[in-house]
Amino acid sequence: MNNNIVVLGLQWGDEGKGKIIDFLSKKANYIVRYQGGNNAGHTLVIDKKKIILHLIPSGVLHPNVIGIIGNGVVISPSDLIKEINLLKKQNINVIDRLIISESSHLVLKYHIKMDQSREKFKNNTIIGTTGRGIGPAYEDKVARRGLRVGDLKNIDFFSKRLKEVVNYYNYQFINYYKVPPVSYKDILKELLKIKNILFNIMRNTRELLYKIIINNNKKIIFEGAQGTFLDIDHGTFPYVTSSNTTIGGVFTGTGIGPKYLNYTLGVVKVYATRVGNGPFITEFFGNLSELFYSKGLEFGSTTGRRRRIGWLDIVLLRESIFMNSITALCLTKLDILDNLSEIKICIGYKNNTGKLINNFSYVENFSNDITPIYKIVKGWNVSTFGISNFNKLPKEAKDFVYLIAELTSTPVDIISTGPDRKHTIVCREIFT
Ligand code: IMP
């Protein structure tokens, strides 16, 4: 029986995880974020109304769901509260159904300023971050100078540490980046104003999850943010985010062990997109890219930036399936391919001497020499938008799905044919 499942992205993020988690949440009890921060942007469309979540777990729009933000997530407290209030304005009250880890590291004003100053300062190595301070916050954690939500309980200790850290950052702002410093007093004042809200929702989430798993027959979804190839260790370094977006992030970011997971769903867009810089072998440009951009609404939900577009890459997918111990796939945005007479799928690469390459790691280092090898399949040229029954798909679309399952040796359990909850085909029920 699948009780505890993971949903994570197998490409560069923006695979449509938010919608799928929301869809699966009707049968779940807890949704747990385990890495990243408000760099994520999970777009949900419910009855034509669009809601974008950045920090709060995607399932919370279902009143049966409790959202947990685990220790591996970095939390901007002011943005968290803004998001809670924004949902409240839309009559979605999450404050009684949201728990944050006391060990989560705080993202504060100096992290955001550092993230943005660095990107402005660089010439050739701009990563194209979301500018939310995520990298510097994780750096502080690893450097053991970060401040955690729970540290606010001891305000004397917290204030002293904050002062030290602000001094450390301000030295760099003034002397290296030549930008104005941040105010220690302002940061502390804002935190003192909101600390009680944080205390009300703060817990030891590792212990809580352990109790939920051991004592109750509850269903938990672990919600990944970003995607496999943005992983700090396994992604296209240095064009990555600063957390482990791959499966290991679940364990370090919550404190639970692998034997408590029953199933891992890998979410894959049927083409590929990437925001920010870094290698992207199947990328294409021109009119075709325009078509995907406008039909697929391919702009970042956090920064509004245009996403780069490319064909589905099976080499990359095979690696991410292996890396994450994927049980099954969820294919998203099938309807965006509706009007194409032919569709390309990358099944390998070759370098400039004609040598075949079947390994994405190679590409990270030698991307300039590499060209994709495509298998071209026939399109279906009719609308699949909103179809919720596999048998109603046109033959060519079914064949396309079968082909992806065959090329990746992985079953396809869910297909998404539009942004709404209703636009979903379930090939195999996940929660039994
Ligand atoms: P950071 O996470 O803001 O440091 O950005 C590092 C890289 O990850 C940049 O290329 C971002 O565009 C990318 N990134 C971060 N969050 C997301 C996301 O939720 N979806 C897609 N790309 C993301």
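Structural notes, computed from the coordinates. Note that the structure is predicted; figures quoted are calculated from it, not measured.

### Some thoughts on the pairing of strand 19 (residues 412-416)
- Burial runs high along strand 19: five of the five residues are buried.
- Here strand 15 (residues 328-332) pairs with strand 19 via three bridges, running parallel. Residue L329 lies in a different strand from strand 19, and its bridge partner there is V412.
- Across three bridges, strand 19 lies against strand 20 (residues 424-426) in antiparallel orientation. In the strand pairing of strand 20, I415 is matched with I425.

### Description of the pairing of strand 7 (residues 98-101)
- Alternating positions in strand 7 separate into two faces, L98 and I100 on one and I99 and S101 on the other, with burial throughout.
- Looking at chain direction, strand 5 (residues 66-69) and strand 7 are connected through three bridges and run parallel. Bridging across to strand 7, I69 finds its partner in I100.
- Of the pairings in the sheet, the one linking strand 7 to strand 9 (residues 202-203) comprises two bridges and is parallel in character. Of the residues in strand 9, the one forming a bridge with I100 is M202.

### Overview of the site of the ligand
- Close contacts around the ligand come from 16 residues, with D14, N39, T130, T241 and R305 the closest.
- Side-chain polar atom of D14 to a nitrogen atom of the ligand: 3.2 Å apart, as the coordinates give it.
- Note that an oxygen atom of the ligand is positioned 2.5 Å from one of the side-chain N or O atoms of T241.
- Residue classes in the shell around the ligand are distributed as six nonpolar, eight polar and two charged.

Scoring rules and cut-offs
- Residues numbered from 1 in each chain as written.
- Predicted model: local features only at pLDDT ≥ 70, side-chain atom pairs only at ≥ 80, totals over all residues.
- Heavy atoms only, no water.
- Buried < 20%, exposed > 50% of the residue type's maximum accessible area, 1.4 Å probe, protein only.
- Helix = DSSP H or I, 4+ residues; strand = E, 2+ residues; numbered from the N terminus.
- Pairing = 2+ DSSP bridges.
- Near = heavy atom within 4 Å.
- Polar contact = N/O pair within 3.5 Å; in protein donor to acceptor, adjacent residues only side chain to side chain.
- Nonpolar A, V, L, I, M, F, W, Y, C, P; charged D, E, K, R; others polar.

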